[in-house]
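The chain contents come next:
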Amino acid sequence: MARALSTSITQGRMQMFVGRSHELQTMSRWLGDANPSTRVVAITGMGGIGKSTLLIRLLQLASDHGAIPVWIDGRSCYRTPKGFWDALPSDFRAWQAMGNEAPKLVIAIDNFEDIQVLEDWLREVFMASLPETGVLLLVASRQDLMHTWITDPVWQYHWDSWRLEALTPEEVDEFLRRRQMHHTAAVKHLVGTASGHPLTLALTVDAITRGHERDPQQVRHLVAETVSARLIHELTDAELQPLVDVLTLVRDANQDLLQRILRRRISARQYHALRKLSFVRRTQNGVGLHDMAEHALYEDLRQRDPGTFWAIRRQALDVLIGDYERVPPAQQGAIAQQLLWVCRDVYAPLNAYADLTAPESQLVNDHYDPRDREAVRQFVAAWGRQSFPVQGPQLMDLVDDVIEHYPGTIRMTRDHLGVAHAMFCVLPLHKGTLAMLQRYQPIVIERLLKSDLGISWCEPDDSNVSYNILVGINTHQSRYSPQALLGAIARDQFTMHASLLGLLVITNPDLKAFLRGVGYQSVPFPILEEPNITEELFMLDLRHQHFTGWIRTISAQSGHASPLKYGSISSLADTLETLGTTHLVDHYHQDLWNRITTLLQNTPKAPLTTRDQEVLKCSYLPRHRSATMCARDLHVSRATYYRHLNEALSHLLVCLTTIR
């Protein structure tokens, strides 16, 4: 006779099952005990974390040890004692009939939240009717619903709790190996977005198998659609939906921040209920979404209710920008990170180099520690071409020089265990750092000093220019993709550029596209005589523009923060050229031209300055003029003119997108 299908399915599940070693070992010890005491185990975790899969594996293990396995699904059980008795399968009746000779019994209740009303009866009547040894009750639910068991003076000695977390990096690798998935760079990036969440991981692998590997965005949409449906099912209280919607936009929030963004009062009961949701995690500042849930619910909200999405985004920006401008500089860094996170939709098309949308809450940036020395050297050596173009043995000499004299300029990206996975170094340019860099690449320093960027042999406290000279990542780990690590670095770097001119010299086309997308300007900057190498100096100048003004500019690039049909400095410049040289027959363009001329001819509105108005009027009124003519009329060099023009366009863009 052919083998039963159930046998093949069971063996297939066992071969694919990974992780949960602690739970399996605990179960094996109980089954191996000749006379184990009757116990209750509460298995909790967010939707898709693998509770049902674990229950199935535990019942298989029980069966292998000769115990009687019993399965009940709370969703298909009437919420009455009789309904529960009727839901018990015939195996339970057979076990009862065995009397004293009965083997061990393992009862698994899945989706317990659907029959939670039976908890007291289950504890005081059903379990009390069973033997004091040889019975194990496994209860799985998204939330921890069985508080009364641990507070009961008797049952607390028969009760245990297993909170399921994401798979470890090693378990993810084993998951991929068992599914014969080749660990290419594209697969690694996509799998990294699953954050070790079993359902998301399985759906991602399935999408890749079906040929979507070359379309990462399609994979993310397919996965988010399924996962978000699972999570939203938990939101039985409609009052919690707006609170969850806010958490899809901000990294974390306390009760006060939620109230200010939603512009209404949130009761302590609602906030407590929010904290109890299985996909909500506790944070230092309040609550936030688990990494996997954040991405799935973010995509769901954008597709399901774009009006709410953009309204919350705008309200969150207004509140956080207000907070940033009120707090002391020492407290602005955390708010700046929040602002960058709220604007992450702008970065989504730019993720080929650095993924600022990657939900990696476990990655944090902090200061260099002397114990990081070898890690820094390894990360830099593995990276290749650096922004400060030094190669060969000199590169390690430069690293050692920075570590010895300017260790405070090095930032480390670590996981939740404190293990370093990436680093970067941003040097303020002053007489000390310029002298050090000049020893390694004098031509670069000479050209920077001759440029019209305000770089000089100044004292450290007078420096307002920084140079991103070094970067490196851990290439010997599989948990985080290079894009996720570089995204964590980039978010930290942006917050360090407030009131500074930030510089990089780069050749990577993906990095160039990324930086242009977030407001950097560039000029050719050839250094090394190498074929097919196009070096450019990239600059983000926030010396004359507030960080919040730049954020306003960045947020406008989504195309939804404003009705205007442009979102970058270059596109605004193109628009001004067109408006100044064509006949305005379109109502939209006529209105836009009227707004611009009003801003340029009346008292300037911050951040626009009188100097900005002078430069823009010289450039575009009454028509577009050449850079040479404008520089001559403004009595400045062409380089200075371009710098003033970029500043003026940046300030004008902020005014157009924030002043109604």
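Just above sits the structure.
The following paragraphs examine the structure supplied in this document. Along each chain, residue indices are assigned from 1 in the same order as the chain's sequence is written. In view of the model being predicted, local features appear only for residues whose pLDDT reaches at least 70, and side-chain atom pairs are presented and counted only at 80 or more, with totals across whole chains, interfaces and linings using the full set of residues. For the side-chain quantities, the full set of heavy atoms in the structure was used; hydrogens and water were omitted.

### What about the sheet that holds strand 4 (residues 135–141)?
Test applied: Strand pairing is assigned whenever DSSP detects at least two bridges linking the two strands. Going along the chain from the N terminus, every DSSP run of H or I of four or more residues is numbered as a helix, and every run of E of two or more is numbered as a strand. Simply put, an axis is a line fit to the C-alpha atoms, just over the touching stretch for a helix, and the angle between two N-to-C directions goes from 0 to 180 degrees. Contacts are residue-level and defined by heavy atoms, with any inter-residue pair within 4.5 Å sufficient.
Spatially, 5 strands are ordered 2-3-4-1-5 in an open sheet, and the strand pairing comes out parallel. Of all the strands in the sheet, the pair left with one neighbour each is strand 2 (68–73) and strand 5 (159–163). Taken pair by pair, the neighbouring strands of this sheet meet at an average axis angle of 15°, ignoring direction. Bridging between strand 3 (residues 105–110) and strand 4 involves 5 bridges; their strand directions are parallel. Within strand 4, the position partnered with Ile 109 by the bridge is Val 139. Of the strands in this sheet, strand 2, strand 3 and strand 4 touch helix 5 (residues 90–97), which is tilted by about 140° from strand 2.

### Overview of the nonpolar core
The nonpolar side chains of a soluble globular protein tend to be buried with one another. Applied cut-off: The nonpolar core is taken to be a set of buried Ala, Val, Leu, Ile, Met, Phe, Trp, Tyr and Cys residues, with the residues joined through side-chain atoms within 4.5 Å. With a 1.4 Å probe rolled over the protein chains alone, any residue whose accessible area is under 20% of its type maximum counts as buried; one over 50% counts as exposed, and the rest are partly exposed.
Core analysis: the biggest nonpolar cluster contains 117 residues, and Ile 43, Val 106, Leu 274, Phe 279 and Trp 550 have the highest contact counts within it. Top contributing element to this core by residue count: helix 16 (residues 306–326), with 9 residues. Among the nonpolar cores identified, the runner-up in size contains 40 residues, and Val 399, Ile 410, Met 423 and Leu 470 belong to it.

### Focus on the environment of Glu 225
You can see Glu 225 is positioned in helix 11 (residues 216–232). With a relative accessible area of 58%, Glu 225 lands in the exposed category. Linking Glu 225 and Leu 297, residues 72 residues apart in sequence, is a C-alpha distance of 8.7 Å.

### A few points about the packing of helix 16 against helix 17 (residues 332–342)
Here is the rule we go by: The labels follow the angle: roughly parallel below 35 degrees, roughly antiparallel above 145, roughly perpendicular from 65 to 115, and oblique for the rest. Should the near helix be turned anticlockwise from the far one by less than a right angle, the crossing is termed left-handed; should it be turned clockwise, right-handed.
Interhelical geometry of helix 16 versus helix 17 gives an angle of 165° and a closest axis separation of 10 Å. The orientation of helix 16 relative to helix 17 falls into the category roughly antiparallel. The hand of the helix 16/helix 17 crossing is left-handed. Contacts from Arg 313, Ala 316, Leu 317, Leu 320, Ile 321, Asp 323 and Tyr 324 in helix 16 reach Gln 332, Ile 335, Ala 336, Gln 338, Leu 339 and Val 342 in helix 17.

### Digging into the packing of helix 16 against helix 24 (residues 547–556)
Heads up, the condition is: Throughout, the ten residues Ala, Val, Leu, Ile, Met, Phe, Trp, Tyr, Cys and Pro are labelled nonpolar, Asp, Glu, Lys and Arg are labelled charged, and all others, Gly among them, are labelled polar.
Close contact between helix 16 and helix 24 brings their axes to 10 Å; oriented N to C, the two are set at 170°. Between helix 16 and helix 24, the angle falls in the class roughly antiparallel. The segment helix 16 lies against helix 24, with Arg 313, Leu 317, Asp 318, Ile 321, Tyr 324 and Glu 325 engaging Phe 547, Thr 548, Ile 551, Arg 552 and Ser 555. For the contact of helix 16 with helix 24, the residue count by class is 5 nonpolar, 2 polar and 4 charged.

### With respect to the environment of Tyr 368
Tracing the sequence through the fold places Tyr 368 in the loop between strand 8 (364–367) and helix 18 (373–383). Linking Tyr 368 and Ile 403, residues 35 residues apart in sequence, is a C-alpha distance of 8.8 Å. Excluding anything up to four places from it in sequence, Tyr 368 contacts Arg 373, Val 376, Ile 403, Pro 407, Ile 410 and Met 412.

### Some points on the side chain of Gln 270
Within the secondary structure layout, Gln 270 lies in helix 14 (residues 268–276). Of the residues examined, Gln 270 reaches a relative accessible area of 7% and is grouped as buried.

### Structural notes on helix 23 (residues 509–517)
Threshold: Identification of polar contacts relies on pairs of N or O atoms within 3.5 Å, with a donor-acceptor requirement for protein atoms, meaning one able to donate a hydrogen and the other able to accept it, and with residues adjacent in sequence counted only if both atoms are side-chain atoms.
By the burial criterion, the buried members of helix 23 are Leu 511, Lys 512, Phe 514, Leu 515 and Gly 517. Near the N-terminus of helix 23, the side chain that reaches the backbone nitrogen of Leu 511, with its oxygen 3.1 Å away, is that of Asn 508. Immediately downstream of helix 23, the backbone of Gly 519 shows phi near 100°, a positive value.

### What to know about the pairing of strand 11 (residues 465–473)
Across the 9 residues that make up strand 11, a large majority, 9, are buried. Relative to strand 11, strand 10 (residues 420–428) runs antiparallel, the two sharing 7 bridges. Across the sheet, Val 426 pairs through a bridge with Asn 468, a residue of strand 11.

### A word on helix 6 (residues 119–126)
Among all positions of helix 6, only Glu 119, Trp 121, Leu 122, Arg 123 and Phe 126 are buried. Contacts from the buried residues of helix 6 go to helix 4 (81–87), helix 5, strand 3, strand 4 and helix 7 (147–151).

### Digging into the side chain of Asp 245
Looking at the secondary structure, you find Asp 245 in helix 12 (residues 241–249). Sequence-distant contacts of Asp 245, defined by excluding residues within four places in its chain, comprise Leu 301, Arg 304, Thr 308 and Ile 312.

### Some words on the pairing of strand 12 (residues 501–506)
Within strand 12, 6 of the 6 residues are buried, which leaves the element mostly enclosed by the surrounding structure. Burial of the side chains of strand 12 extends over both faces: Leu 501, Leu 503 and Val 505 are buried on one face and Gly 502, Leu 504 and Ile 506 on the other. Alignment of strand 11 against strand 12, held across 3 bridges, turns out to be parallel. From the neighbouring strand, Ser 466 faces strand 12, where its bridge partner is Gly 502. Of the strand pairs in this sheet, strand 12 and strand 14 (residues 536–541) are connected by 6 bridges, and their pairing is antiparallel.

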